[in-house]
Structures are given as structure tokens and as C-alpha cells.
Amino acid sequence: MKISRVAQGLFAALVATAAVGASPATSLAAPVSTDQVSAAAVGNTLVYKEKTEGYDCFRIPAVVKANNGELLAFAEGRKGGASFCNDRGDIDLVVKRSADNGKTWSAPKIVIEGFGDTKGNPTPIVIPSTGRIVLLSVMECVKNPDCNRIPRVSISDDHGKTWTAPKVLTTQLGFSSAPGWLATGPSHGIVLTRGAHAGRIVAGMSYTIGTANSGALIYSDDQGVTWKRGATDTPATTALNPQEISVTELLDGRVYAAARNQANNDDKCLSGGAKNRAYALSSDGGASFSTKFTFEEDLITPVVQASTARMTATDKAGKYNRILFAAPSVCDRRKELVVRSSFDEGANWQGNSAGTLVWSGDAAYSDMVQLSSGSVGVLYEAGPAGNANETIRFSTVTETTLGAPACGGGYGVIDSAPLGTAGTVYLSYNASNGQNCVSTMKSTSAGTATATSAYLEVQGSSRITDSGSFAWFAGPVRASAAGKCVKWGGSAGGTAYNSPVEHCD
């Protein structure tokens, strides 16, 4: 979102929707082999693989962490389509479980059986206060007479072990009949934790009626029993068609909706790929859009589903704010899955080069789940050249993996100093280029422009300073410092830190 971080009231970020600590693990079915692959840029485990377990392939991953600590990895188990791994066919909605944060996975279990029709687009939501898991999905008739695309909901009150029969939501969501195209999510929904609508469940949905394409938010105020269609945008321009919407809660209670721009499917590298993503904002808990869908030009991807998750939040005991975005990073091909960060609550995003490469081969859809206060799990489609959907894999990225705050990938924090309760100043180093980097991340008055600064002085060189009225952070300030001493520091909230001459090696 091309918005300067010096502006007041910048956009906030993702809610931490998953429990931090895992309860004692329960016994699971025999785990699947981990099958490490050299193409991965970080470690991974195999969750689903094509031509195994009775299915042609598995697609459309979604992941949540249940209140008992187990991870639930949902997917479409596909078979019998007009072509291999076709979107329409005899498709079951299945789930696997992990009791060890994604190191091993159970055998698959059918949540909703296809019976010759398509049951898919999993959009799970965990309700932390009760442990209930709500699962939105879509039914499309293939074997039976055409029924268009029917939104449905299932509920589990035993951490996803058993589920209620799917309940049709067509009329609840304001449709007289099922639209010709409709998709819930995919990827997890959220429970709002801030503001007047705390406790509300919100998820993304897109649909097409005639030639009109709409991106929307749907919500429930009774733990998933009944639903309403709220914020809806039907862009007048043919250049924008928001689909596959991932939602996040902002620090001020607003909802951020990240979308694939399907309208650009025939010109994926238009403007270098800067027209392939869109976002919208809701200021009333998903009831309406205060900002309708517009291009998110910071995020270069192909036309593909992408996922978002929060790493840290200052109002949830985090030292700074960090949102993550996962997607392939080559505009004209589903390839090279990269996780990128925003440190100003979605106002600006890292470029691909500053992000963390999770998979270097072909890759497609993904979802993310918070594992702890400093780690996030990524569930993603991955494969060799020409087959991005061969497998669904799981990787863990940590603050160390992702790099130092604001400085980007390759930088690791080597020192830090608290600025009272106002923030923290970080000194980082990148061994590959010999550069130090300093950033000051605010922890109070986040989103409000206040005096903040960061500086770096390399021995024998002039001091480099970034200072101003910043809403989220000052810096990053970088300089080559291999083999030289440095002085560094910063300020926020009237408190300053100034280091001695140090870190001379």
C-alpha cells in the first residue's frame, strides 16, 4: 500500500489467531514419512503427495492450530476429474493432524465426502475462547444435476476429530440461489479480538453473478452457527476482480482483506506484476468496506492465492509489529515461494529480495499459522518445474529465519537496547555483505506519528541518521562495517540510547 510510514494512522495488522503454547500431545495415527527435498530453501515436511492415499492429487491447503495444540492441515483430495487434478471432480475435503508442530503428520481423514461431487475451498477458524473449530466450505455438483456453488459450514467441538453435517448458507448470505461461482477463503478465517466487534468470526468470500465479480467479507456473531454477508465490493473496472481473500485483524480493530486479482490472469506481468494483488479495509468488523479493493503494488506475485499471518504485535506483548505474506514471487509463473514482512501494519511490504525463500521450485497456494510468539508455520503447494501442485508441504519460519526487523533477510540481530516502554533499538549484521543495520521499532504509540530516530556510525566515517515523526519505526540505517568498530543508537518516546564504540570485529 504505497503509504509513507511517517503518516499518522497507518494500517495495522494481523491478529494472532492461534494459541502460543501447545498442550500435551495426543496419540495420532502412524506418521507419514517426512521426505526432505533439496529444492527447499528452508526445512520442510511432506504432508500430502499426488498419486498416494487413494487420491490423484491434493490441493488448496489451509491450516489452523487447535486449542489442544495440534495442527490441522486441510486440503482437497481430488480424483476422477475430466483431467488430472481438475478443479471439478469427485473431491473430498480431508484433514491431517500433527501433534509436534508439523514435524510428523497423521494419515488423512475425510471431513466432507465428495460422493462424486466437489467439496472444497476449506476455510477453518479456531475460536480460542471455546476451542470450537468452524469450517466453511463449498459444494459444486458434478455427478448430480448442476447446483452452482453452494457455501456451507461445519462445526467441531472436539478439536476437529468429529464434525457436524455441512449446513447450507446460501440464503443466510443473501443469495436467492447459489451463484454460478462462489469461493470461501481459501485459507483460515479469524476471530476479532479488538474493539466493539471482539469475538466476531470473519472470513473472505468471492463470487460471480452474471458478469459481475465481487469480493466480500462474511461474519458470524454466534460462534459460526449463523452467518451474514457484510462488506462487498463489485469493482466497476474490468481491471480488478478480487478473489481468494485472506483476512487479518488490524491493531485498531479494522479488517484487512488481501486478494488475488483474477482480472489480470491474461497479463500477469503487467507493470512488472504490480497489478496481481489487491486489498480492501473494513472499519466496522466486516460489515462494510471503508476502503474498497485497490491494487497492492508492493507485492509482486503471479495471479495466485496468497496467505497472511501475524508474527508479532505490540498489544500482544510483542516488541514490534510484524505481518507476514506468503506467495510465489515470479510474476508470470507459480514459482519461488517467498515470505515477506511488513513492519508498519501492512502500509508497506518488503520486496522479494528482502524476504525469505521457502521453496525455490514451482509453488502455488499457501496458508500460515502462528506456532509461537516467534515462529509461524507455512503450509504450501510445491513441486518441480511444471508441477507446482505435486505436493503440499509444511515449513517453519522464525524471526531468525526472516531476518532482523526492518533490515530484511540476511541480517541477524547482534545487539539491542530498550527505550523504556516506548520501543527497542536493534543493531543487526549481515555476514554476506559486511553491513551493519540499525532500526528503532516502536512498541507504544504504534500507528501515531511521534519523534523517533535510529543512527549508525562506522569508525572513520560520518554518522548516518534517520529521524522524524514516524508512526512505526525509524531506519533501517545501513553501512559497511566489516572489521570496524561502530557506534549506534536511537530514540523513541523521549528516551534515547547511545552505544559506546563497540562490535569491532
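For the structure, see preceding data.
Residues numbered from 1 in each chain as written. Predicted model: local features only at pLDDT ≥ 70, side-chain atom pairs only at ≥ 80, totals over all residues. Heavy atoms only, no water.

### Observations regarding the overall build of the protein chain
- The number of helices and strands found in the protein chain is 1 helix and 32 strands.
- For 505 residues, the compact-globule estimate of 2.2 N^0.38 gives 23 Å, and the C-alpha radius of gyration of the protein chain, at 23 Å, lies within 12% of that figure.
- Here the protein chain holds 505 residues, and 58% of them are scored as buried.
- Contacts in the protein chain between residues far apart in sequence, at least 24 positions, make up 57% of those at least 6 positions apart. (Helix = DSSP H or I, 4+ residues; strand = E, 2+ residues; numbered from the N terminus. Rg over C-alpha atoms; globule rule 2.2 N^0.38 Å. Buried < 20%, exposed > 50% of the residue type's maximum accessible area, 1.4 Å probe, protein only. Contact = heavy atoms within 4.5 Å.)

### Digging into the pattern of salt bridges
- Per the stated rule, a full pass over the model turns up 19 salt bridges.
- Among the ionic pairs, D87 bridges to R78, the shortest N-O distance being 2.8 Å.
- Judged by relative accessible area, D87 falls into the partly exposed class, the value being 48%.
- Taking relative accessible area as the criterion, R78 reaches 3% and is therefore assigned buried.
- When the shortest N-O distance is used, the salt bridge between E140 and R149 registers 2.9 Å. Comparing E140 with R149, the two get one shared label, buried.
- Through salt bridges with shared partners, a single ionic network connects E76, R78 and D87. (Salt bridge = Lys/Arg side-chain N within 4 Å of Asp/Glu carboxyl O.)

### Considering the packing of aromatic side chains
- Scanning the entire structure with this criterion turns up 13 aromatic pairs.
- Aromatic pair Y256 and Y279: ring centres 5.9 Å apart, planes at 15°, arrangement stacked. Here Y256, found in strand β16 (residues 255-261), pairs with Y279, found in strand β17 (residues 277-282); they are 23 residues apart in sequence, far enough to count as distant.
- Taking relative accessible area as the criterion, Y279 reaches 7% and is therefore assigned buried.
- Taken together, Y320, F343, Y426 and F473 form an aromatic cluster joined through their ring pairs.
- Taking the ring centre of F84 as reference, the NZ or CZ of K51 above it sits at 5.6 Å.
- Stacked on the ring of Y219, the Lys or Arg R200 has its end atom at 4.0 Å from the ring centre. (Phe/Tyr/Trp six-rings, centres within 6.5 Å; stacked < 30°, edge-to-face > 60°. Lys NZ or Arg CZ within 6 Å of the ring centre and 35° of its normal.)

### Describing the pairing of strand β8 (residues 149-156)
- Most of β8 sits inside the fold, with 8 of its 8 residues counted as buried.
- What you see with β8 is no split at all: R149, P151, V153 and I155 on one side and I150, R152, S154 and S156 on the other are buried throughout.
- Here strand β7 (residues 133-140) pairs with β8 via 8 bridges, running antiparallel. Each bridged residue has a counterpart across the sheet, and for M139 the counterpart in β8 is I150.
- As judged from the 2 bridges shared by β8 and strand β9 (residues 167-168), these two strands associate in the antiparallel manner. (Pairing = 2+ DSSP bridges.)

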